[in-house]
Amino acid sequence: MPGERARRIVVVGASLGGLRAAEQLRAAGHTGDLTVIGDEPHPPYNRPPLSKEVLAAEVSFDRVAFRMRAAVADVGWRLGTAVTGADLAARIVRLADGTEIPYDGLVIATGLRPRRLDVPGTGPSRHVVRTLDDAAALRACLRPGTRVAVVGAGFIGCEVAATARTLGADVTVAAPESAPMLRPLGPDLGAELRRRHEERGVRFLLGRTVARFTGDGLKLSDGTAVPAEVVVEAVGAMPCVEWLEGNGLDLSDGVLCDGALRAEGRPEVVAVGDVARFPNRRYDDVPRRVEHWSIPTDTAKRAARALLGKEEGPFMPLPSFWSDQYGMRLQSFGAPNLGDGDIRVLEGELGEEAVLGYHRDGGLVGVVMLGCVRSLARYRKLLLDDVRIPAS
Ligand SMILES: Cc1cc2nc3c(=O)[nH]c(=O)nc-3n(C[C@H](O)[C@H](O)[C@H](O)COP(=O)(O)OP(=O)(O)OC[C@H]3O[C@@H](n4cnc5c(N)ncnc54)[C@H](O)[C@@H]3O)c2cc1C
């Protein structure tokens, strides 16, 4: 399809990535048919509030729905419809009822689904937080005094713990790591985050895994019993790619793409958002998935242009990520997780407000800001401007 005018483009996944892909395809000049297929019943909505405002109180759908810009007014939306298979050689996607939808260009925007705990025993009320319906179901269980066991101390586990605690629940977080949000923050900021949670009454049982459900809670690997009426499984997520199997794509961790988000060997197929594994030339040639809100927009722009045959220079988005816990804002720019352990306080003090710099081979690859909002634009610009493209 590159170089020729696309007749029909199908986008699978109707969330942030799918919506932005549709917008960017129109912006890049695609005037042909555009269909977006999504398995959720809702029009595209914003996920970050699900572990924050939406969990804290009932909010109307309008508060989380994405604005539908005029550019996508003529898009055909097929919501509440799962794509169950695809034949990339024949250029069709297949729905559960057997309907086949042909395409000239395909955008994969199917994101992630939560991992589940695979341990024996029957649990109390078990929850995950990925969709609006998940958040509503969990909110209905959160009352003052409810004993909540959060399994996993990543950003979703920490945000859920903070929101549940703010609602008066009795919260325990259990996780194998030695500190919350260890991977993106490192040990010192992780320890500070733990201190702030503990100060508000959250209990941490770290360095252990879940051994089994006990009916009235959990038993951990060291034998500790965690009584709970509600268990939240925040143990990561896996790419929704099963529908693409059998087509020769590398689906080992999302959809392996080149620097223009094209699936290997399939120039008429691109992937965007959480499901895409792509190299970011800002750092190196290693393809990685990035589960940040900023990435669906960056990848959609690039992928839409690639699908329409518009070649450009190296793709090097600046990832950015934020997390809100107890009214405290963590903001990250760049890729702190690619640092080699050389973490320096660039500004402020950990116990109050601080900016931490994450380095690789002595060069700054990411910053995380705890508060310090006034310095936000400065650090973002610093990282944006500091482009040292590594040799291939
Ligand atoms: C609770 C929560 C809080 C978050 N908070 C933050 C935050 O504070 N800051 C931040 O930077 N990021 C945050 N994120 C991450 C951010 O929301 C994601 O990076 C973003 O939603 C990714 O968008 P996406 O369109 O790629 O994937 P998704 O949002 O996962 O959308 C994929 C869509 O495709 C659908 N789908 C899957 N398979 C099929 C199929 N076979 N057929 C049809 N449809 C299918 C899915 O149901 C879904 O609707 C949060 C995520 C969650 C879940």
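In the block above lies the structure referred to throughout.
Bear in mind that the values here come from a model prediction, so they are computed numbers and not experimental data. (Residues numbered from 1 in each chain as written. Predicted model: local features only at pLDDT ≥ 70, side-chain atom pairs only at ≥ 80, totals over all residues. Heavy atoms only, no water.)

Asks: Summarise the overall build of the protein; cite the residues concerned and give the values.
Replies: A tally of helices and strands in the protein yields 8 helices and 27 strands. Against the 2.2 N^0.38 benchmark of 21 Å for 392 residues, the protein shows a C-alpha radius of gyration of 22 Å, consistent with a compact globule. With the C-alpha coordinates aligned to their principal axes, the bounding extent of the protein is approximately 60 × 50 × 35 Å. Out of the 392 residues belonging to the protein, those deemed buried represent 54%. Carbon and sulfur atoms make up 50% of the accessible area of the protein, which totals about 16600 Å². With 50 positive and 51 negative side-chain charges, the protein shows a separation of 2 Å between the mean positions of the two kinds. (Helix = DSSP H or I, 4+ residues; strand = E, 2+ residues; numbered from the N terminus. Rg over C-alpha atoms; globule rule 2.2 N^0.38 Å. Buried < 20%, exposed > 50% of the residue type's maximum accessible area, 1.4 Å probe, protein only. Areas by Shrake-Rupley, 256 points an atom, 1.4 Å probe, with all protein chains shown as cover. Lys, Arg positive; Asp, Glu negative; His and termini not counted. Charge placed at Lys NZ, Arg CZ, Asp CG, Glu CD.)

Asks: Outline the sheet that holds strand S14 (residues 217-220), listing residues and values.
Replies: Pairing is antiparallel across the open sheet formed by 3 strands, whose spatial order is S13-S14-S15. Because the sheet does not close on itself, it has two edges, and the strands there are strand S13 (210-213) and strand S15 (225-227). Direction aside, neighbouring strands of the sheet carry axes that sit 25° apart on average. (Pairing = 2+ DSSP bridges. Axes fitted to C-alpha atoms, helices over the stretch in contact; angles between N-to-C directions.)

Asks: Tell me about the environment of Val232, and please be specific about residues and values.
Replies: Mapped onto the fold, Val232 is located in strand S16 (residues 230-233). We classify Val232 as buried; its relative accessible area is 1%. Sequence separation of Val232 and Leu50 is 182 residues, and the distance between their C-alpha atoms is 13 Å. Beyond its immediate sequence surroundings of up to four residues, Val232 is in contact with His127, Val129, Leu138, Val148, Ala149, Val150, Val151 and Val160. (Contact = heavy atoms within 4.5 Å.)

Asks: Hey, could you go over the nonpolar core for me, with residue numbers and the actual values?
Replies: One broad rule of soluble globular proteins: the nonpolar side chains tend to lie buried together. Val93, Leu106 and Val255 are the most contacted members of the largest nonpolar core, which has 52 residues in total. Excluding its chain neighbours within four sequence positions, the residues that come into contact with Val255 are Ile108, Val241, Leu244, Asp250, Ala263, Ala271, Val275, Ala276 and Arg277. In terms of nonpolar packing, the next biggest core, distinct from the first, is built from 25 residues, Leu138, Val160, Val173 and Val230 among them. (Core = buried A, V, L, I, M, F, W, Y, C linked by side-chain atoms within 4.5 Å.)

Asks: Go over unusual backbone geometry with me, naming the residues and quoting the values.
Replies: The backbone of Arg91 shows a phi angle near 60°, a positive value even though the residue is not glycine. Secondary-structure assignment places Arg91 in the loop between strand S4 (83-87) and strand S5 (92-95).

Asks: Can you tell me about the packing of aromatic side chains, naming the residues and giving the values?
Replies: All chains considered together, the criterion is met by 4 aromatic pairs. Pairing Phe155 with Phe321 gives two aromatic rings, centres 4.9 Å apart and planes at 80°, and the pair type is edge-to-face. In this pair, Phe155 sits in helix H4 (residues 155-166) while Phe321 sits in strand S23 (residues 320-325), placing the two residues 166 residues apart along the sequence. Accessibility expressed as a relative area gives 13% for Phe321, which makes it buried. (Phe/Tyr/Trp six-rings, centres within 6.5 Å; stacked < 30°, edge-to-face > 60°.)

Asks: Could you give an account of the site of the ligand, with specific residues and numbers?
Replies: With respect to spatial proximity, 36 residues lie near the ligand, and among them Asp39, Glu40, Arg47, Lys52 and Arg130 are the closest. Between Leu16 and the ligand, the recorded distance is 3.5 Å, taken from a backbone N or O atom to an oxygen atom. Within the side chain of Asp39, a nitrogen or oxygen atom sits 2.5 Å from an oxygen atom of the ligand. Contributions of two or more residues to the shell around the ligand are made by helix H1 (16-27), H4 and S23. Looking at the shell around the ligand, its residues break down into 18 nonpolar, 10 polar and 8 charged. (Near = heavy atom within 4 Å. Polar contact = N/O pair within 3.5 Å; in protein donor to acceptor, adjacent residues only side chain to side chain. Nonpolar A, V, L, I, M, F, W, Y, C, P; charged D, E, K, R; others polar.)

Asks: Describe the state of the cysteines, listing the residues and the values that go with them.
Replies: Within the structure shown, the criterion is met by 0 disulfides. Free cysteine: Cys257, not disulfide-bonded; nearest cysteine sulfur from Cys240 at 15 Å. (Disulfide = S-S within 2.5 Å.)

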